[in-house]
Amino acid sequence: DARVTQTPRHKVTEMGQEVTMRCQPILGHNTVFWYRQTMMQGLELLAYFRNRAPLDDSGMPKDRFSAEMPDATLATLKIQPSEPRDSAVYFCASGRTGGYFSPLHFGNGTRLTVT
Amino acid sequence: GENVEQHPSTLSVQEGDSAVIKCTYSDSASNYFPWYKQELGKRPQLIIDIRSNVGEKKDQRIAVTLNKTAKHFSLHITETQPEDSAVYFCAAKGENTGFQKLVFGTGTRLLVSP
């Protein structure tokens with residue numbers, strides 16, 4: 001059963017520190033999404049890649065967040081410097097596009113706590 | 001861009017009752033509508049989806065209906081069980097400047113009491 005793998009599962013850090021979250025999409029999937037989930041905001045789209053190219057990062061605070069996909073097996077989301085309001089669960093999801101839209105598969109998420 | 005509204009935000013039912021969650025979308029070009037179930041502390045998981053060329057789809061106790069004219073779709077769970085308790089998210093595939101992305105509703109917390 002192929003799964004999206006996210007690391008770390010949990011991260012506690014102090015305000016001002018850099019945080020890097022990693023995602024390994026399902027082999028063969030060409031789209032990768034980063035979502036942030038808080039109690040108040042539901043699932044908030046941060047960034048979206050297709051064939052490793054960033055297509056939409058309009059939901060991401062540009063001054064401190066950055067998302068990259070250095071190769072087809074790795075997507076990263078970085079926060080520098082981190083702030084307490086960044087505390088949330090960050091989900092990565094992957095899927096395929098083409099002639100139809102395939103279901104998105106979510107990873108188990110990274111629970112980030114910034115103190 | 002696409003906007004998805006979901007109601008109700010919370011829903012409490014007795015075991016065995018039916019539950020209905022409703023969503024509306026704004027982009028008439030949207031053509032794919034999945035539903036995800038998220039149990040406490042876990043990842044969202046796809047439970048059922050429907051494409052715009054179909055009006056209804058069933059899978060055992062769950063069903064989804066789509067009204068393209070009214071731009072709304074609903075999740076129906078029959079004979080609810082305590083293990084159905086979770087947060088349910090609807091989503092719609094929106095079109096924006098030539099690429100595709102899922103836009104999620106705000107979620108419905110379903111509580112099934114024994």
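Please read all numbers here as calculations on a predicted model, not as lab measurements.

### Concerning the overall build of chain A
Here's step 1: For chain A, the count of helices and strands is zero helices and 11 strands.
Here's step 2: In chain A, the succession of helices and strands from N to C terminus is β-β-β-β-β-β-β-β-β-β-β.
Here's step 3: For 115 residues, the compact-globule estimate of 2.2 N^0.38 gives 13 Å, and chain A sits close to it at 13 Å.
Here's step 4: By principal-axis analysis of the C-alpha atoms, chain A measures approximately 45 × 30 × 25 Å.
Here's step 5: Residues counted as buried form 47% of the 115 residues belonging to chain A.
Here's step 6: Look at the contacts in chain A between residues 6 or more apart in sequence, and 53% of them connect residues 24 or more apart.
Here's step 7: Carbon together with sulfur atoms contributes 49% to the accessible area of chain A, which is approximately 5700 Å² in total.
Here's step 8: Separation of charge centres in chain A, based on 13 positive and 11 negative side chains, amounts to 5 Å.

### Looking at the sheet that holds strand β3 (residues 19–24) of chain A
All names here are of chain A.
Here's step 1: Pairing is antiparallel across the open sheet formed by four strands, whose spatial order is β1-β3-β8-β7. Sheet topology places β1 (5–7) and β7 (65–71) at the edges, where each strand pairs with a single neighbour. In this sheet, neighbouring strand axes are inclined to one another by 20° on average, regardless of whether the strands run parallel or antiparallel.
Here's step 2: In this sheet, β3 lies alongside β1 in antiparallel orientation, the contact comprising three bridges. Along β3, the bridge assignment pairs T7 with R22.

### Examining the side chain of A:T110
Residue and element names in this part refer to chain A.
Here's step 1: Tracing the chain through its elements places T110 in strand β11 (residues 110–114).
Here's step 2: A residue is classified by how much of its surface remains accessible, and T110, at 0% relative accessible area, is buried.
Here's step 3: Within the local environment of T110, its side chain forms a polar contact with the backbone oxygen of P8, the two atoms lying 2.6 Å apart.
Here's step 4: What T110 contacts, discounting residues up to four positions off in sequence, is Q6, T7, P8, R9, M21, A88, V89 and Y90.

### Some thoughts on the interface of chain A and chain B
Interfaces are often sized by the accessible area lost when the parts come together.
Here's step 1: Listed as interface residues are 22 residues of chain A and, on the opposing side, 18 residues of chain B.
Here's step 2: Both faces considered, chain A and chain B share a buried interface measuring about 1800 Å² in area, 58% of it formed by carbon and sulfur atoms.
Here's step 3: At the surface where chain A touches chain B, the tally comes to zero salt bridges.
Here's step 4: Between the two partners, chain A and chain B, sit five residue pairs in polar contact (both at pLDDT 80 or more).
Here's step 5: Listed by contribution, the elements that provide at least two residues to the side of chain A that touches chain B are β4 (31–38), β5 (42–50) and β6 (53–56) of chain A.
Here's step 6: When residues in the side of chain A that touches chain B are grouped by element, the largest group, five residues, is from β5(A).
Here's step 7: Looking at the side of chain A that touches chain B residue by residue, the classes come out as 13 nonpolar, six polar and three charged.

The rules behind these values
Residues numbered from 1 in each chain as written. Chains lettered and ligands numbered in written order. Predicted model: local features only at pLDDT ≥ 70, side-chain atom pairs only at ≥ 80, totals over all residues. Heavy atoms only, no water. Helix = DSSP H or I, 4+ residues; strand = E, 2+ residues; numbered from the N terminus. Rg over C-alpha atoms; globule rule 2.2 N^0.38 Å. Buried < 20%, exposed > 50% of the residue type's maximum accessible area, 1.4 Å probe, protein only. Contact = heavy atoms within 4.5 Å. Areas by Shrake-Rupley, 256 points an atom, 1.4 Å probe, with all protein chains shown as cover. Lys, Arg positive; Asp, Glu negative; His and termini not counted. Charge placed at Lys NZ, Arg CZ, Asp CG, Glu CD. Pairing = 2+ DSSP bridges. Axes fitted to C-alpha atoms, helices over the stretch in contact; angles between N-to-C directions. Polar contact = N/O pair within 3.5 Å; in protein donor to acceptor, adjacent residues only side chain to side chain. Buried area = accessible area lost by both parts, 1.4 Å probe. Salt bridge = Lys/Arg side-chain N within 4 Å of Asp/Glu carboxyl O. Nonpolar A, V, L, I, M, F, W, Y, C, P; charged D, E, K, R; others polar.

Remember, this is a structural readout, not a statement about activity or role.
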